[in-house]
Amino acid sequence: MTAEDTINDMRMRATKHLAEAGSREEIIAWERAFLGPKGELTLFLRRLASLPVDERPTAGRGGNALKTELTEAWNARHAALVAGDLEQRLATDAVDVTLPGRPPILGAAHPVSQMIDELSEIFALLGFQTVFGPEVETAHYNFDVLNIPKDHPARDVWDTFYVDLPGEIVLRTHTSPMQGRVMEQTQPPVRVVVPGRVYRYEAQDASHEWMLHQLEGLAVDRAITMADLKGTLSEMARQLFGSERRTRFRCDFFPFVEPGVDFAVDCAICGGAGCRVCKGSGWLEMGGAGMVHPNVLRAVGYDPDVYSGFAFGLGIERLTMMRSGVDDVRAFAGNDLRFLRQFARAA
Ligand code: YSA
């Protein structure tokens with residue numbers, strides 16, 4: 001075979017393969033096979049010197065002409081493939097800017113936060129200021145100031161998460177420790193409410209959570225009586241639930257009040273007939289309350305012969321359950337958006 005035959009044969013095969021190459025990978029492989037450093041045409045040109053002298057000029061001209069021809073053919077094919085890719089991408093990635101946009105998902109306040117806001121407003125109209133306190137509390141304010149001495153069995157009522165040993169720092173078990181903190185820093189008259197999270201090491205059920213929210217109330221002045229306490233909580237219940245809901249005060253014991261009461265409303269879930277939420281009683285306890293114990297007044301430097309006061313601690317989840325007919329307290333911390341969205345309201 002002469003050098004000219006070799007060149008013609010190479011041209012025919014190279015042109016055919018390039019026409020068949022359908023992807024970028026294939027044309028890159030083609031370039032490597034013919035024009036690359038070890039490509040067929042490159043090796044042919046490198047071997048020109050070994051050809052018979054009379055064949056060299058024709059072989060040289062023909063080889064170089066083929067190189068130019070194949071390089072141009074490759075460039076054209078490459079450009080066509082790139083353009084094809086781009087067109088395909090434009091077609092598939094096309095964005096229709098005339099389509100309506102997706103509405104953003106708006107967040108809403110948690111039902112417990114909504115209830116805290118509402119209670120703060122109700123109590124503000126009754127003359128109470130809202131203040132906040134620490135969730136990690138000393139045993140001193142959580143128990144001692146509240147007339148619950150160390151080793152007193154009453155401490156068992158509040159199943160406590162201790163943060164340290166020997167047990168001087170706790171996750172507050174109620175909002176009542178703020179009674180001592182507020183009174184130590186304020187002279188009467190005092191009228192505050194304290195919303196916030198509290199923690200109890202206790203088993204969960206439809207009406208008990210280990211993390212819950214309470215709203216503490218405290219009023220201290222000259223001549224405050226139990227009638228003021230009843231009037232305040234009754235008015236709060238009337239504003240929150242409407243006047244058709246019944247309320248009940250019964251004697252109860254808390255070491256930091258004398259006398260003490262528990263405050264309940266008739267169960268909104270069963271209408272008072274009895275269910276698993278109210279444990280068949282028809283009533284659900286909303287909070288504990290009473291007249292501030294003289295020992296507590298003394299512990300913060302108030303004279304119990306001059307001042308008297310009432311205090312209460314309401315369960316915020318329980319209030320929300322009764323207001324909205326929620327039959328399981330665990331729903332509030334369950335993070336189920338289907339539950340939470342029912343409480344969403346326009347800001
Ligand atoms: C009592 C007298 C005062 O002068 C001031 C405050 C108090 C209340 C007292 N500090 C206290 O915590 N009482 S309590 O243990 O009975 O809780 C008050 C309310 O919190 C309950 O009536 C209930 O509504 C709610 N609660 C208590 N434990 C709960 C709970 N809610 C859900 N899950 C729990 N585990």
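Quick summary incoming for the structure in this document. (Residues numbered from 1 in each chain as written. Predicted model: local features only at pLDDT ≥ 70, side-chain atom pairs only at ≥ 80, totals over all residues. Heavy atoms only, no water.)

Our next topic: unusual backbone geometry. The amide bond that connects Pro188 to the next residue, Pro189, takes the cis arrangement and shows omega of 5°. Here Pro189 is to be found in the loop between α7 (177–185) and β4 (190–199). The linkage connecting Glu258 with the following residue, Pro259, adopts the cis geometry, with an omega of 0°. Looking at where Pro259 falls in the secondary structure, it is placed in strand β7 (residues 257–266). (Helix = DSSP H or I, 4+ residues; strand = E, 2+ residues; numbered from the N terminus.)

Over the atoms rolls a probe the size of a water molecule, and its path tells where empty space is left. For the largest pocket, the calculated volume is near 620 Å³. Around the largest pocket sit 33 residues that line it, and Trp158, Arg200, Gln214, Glu285 and Gly288 are the ones nearest its centre. When residues of the lining of the largest pocket are traced back to their parent elements, those giving at least two are β5 (211–221), β8 (283–292), β9 (308–315) and α10 (316–324). No other element matches the six residues that β8 contributes to the lining of the largest pocket. Class assignment of the residues belonging to the lining of the largest pocket gives a composition of 13 nonpolar, 11 polar and nine charged. (1 Å grid on protein atoms, 1.4 Å probe; cavity = no way out; pocket = protein on both sides within 12 Å on 5 of 7 lines; lining within 4 Å. Points joined across faces, edges and corners; volume = space filled by probe spheres on them. Nonpolar A, V, L, I, M, F, W, Y, C, P; charged D, E, K, R; others polar.)

Close to the ligand lie 25 residues; Ser176, Arg200, Glu202, Glu209 and Glu285 are nearest. Gly287 places a main-chain nitrogen or oxygen 3.1 Å from an oxygen atom of the ligand. In isolation the ligand offers 690 Å² of accessible surface; the protein chains occlude 96% of this area. Placement of the ligand is best described as lying within the largest pocket. Here the element with the most residues in the shell around the ligand is β8; it accounts for five residues. (Near = heavy atom within 4 Å. Polar contact = N/O pair within 3.5 Å; in protein donor to acceptor, adjacent residues only side chain to side chain. Areas by Shrake-Rupley, 256 points an atom, 1.4 Å probe, with all protein chains shown as cover. Sits in = over half its atoms within 2 Å of the grid points.)

The mixed open sheet is built from seven strands, whose spatial order is β1-β4-β5-β9-β8-β7-β6. One side of each edge strand has no neighbouring strand; the edge strands of this open sheet are β1 (129–130) and β6 (247–252). With eight bridges connecting them, β5 and β9 associate as antiparallel partners. Within the sheet, the bridge partner assigned to Val220 lies in β9 and is Gly309. Along the sheet, helix α8 (residues 226–241) contacts β6, β7, β8 and β9; its crossing angle with β9, the most-contacted strand, is approximately 30°. (Pairing = 2+ DSSP bridges. Contact = heavy atoms within 4.5 Å. Axes fitted to C-alpha atoms, helices over the stretch in contact; angles between N-to-C directions.)

Counted residue by residue, β5 has 10 buried out of 11 residues, so it is predominantly covered. Pairing of β4 with β5 involves 10 bridges; the strand directions are antiparallel. Residue pairing in the sheet places Val192 in a bridge with Leu218 of β5. (Buried < 20%, exposed > 50% of the residue type's maximum accessible area, 1.4 Å probe, protein only.)

Attention now moves to the pattern of salt bridges. Per the stated rule, a full pass over the model turns up 18 salt bridges. Close ionic contact of Asp9 with Arg13 constitutes a salt bridge, the shortest N to O distance being 3.2 Å. Of the two residues, Asp9 and Arg13 are both situated in helix α1 (residues 3–20); the distance of four residues between them amounts to about one turn of the helix. Owing to a relative accessible area of 27%, Asp9 belongs among the partly exposed residues under this scheme. Residue classification places Arg13 among the partly exposed positions, given a relative accessible area of 27%. When the shortest N-O distance is used, the salt bridge between Glu20 and Lys16 registers 3.2 Å. A residue pair is termed a helical-turn pair when its members lie 3 or 4 positions apart in one helix, as Glu20 and Lys16 do in helix α1 at four residues. Each member of the salt-bridge network shares a partner with another, and the members are Arg276, Asp327, Asp328 and Arg330. (Salt bridge = Lys/Arg side-chain N within 4 Å of Asp/Glu carboxyl O.)

Everything listed here is a matter of geometry and, on its own, says nothing about what the molecule does.
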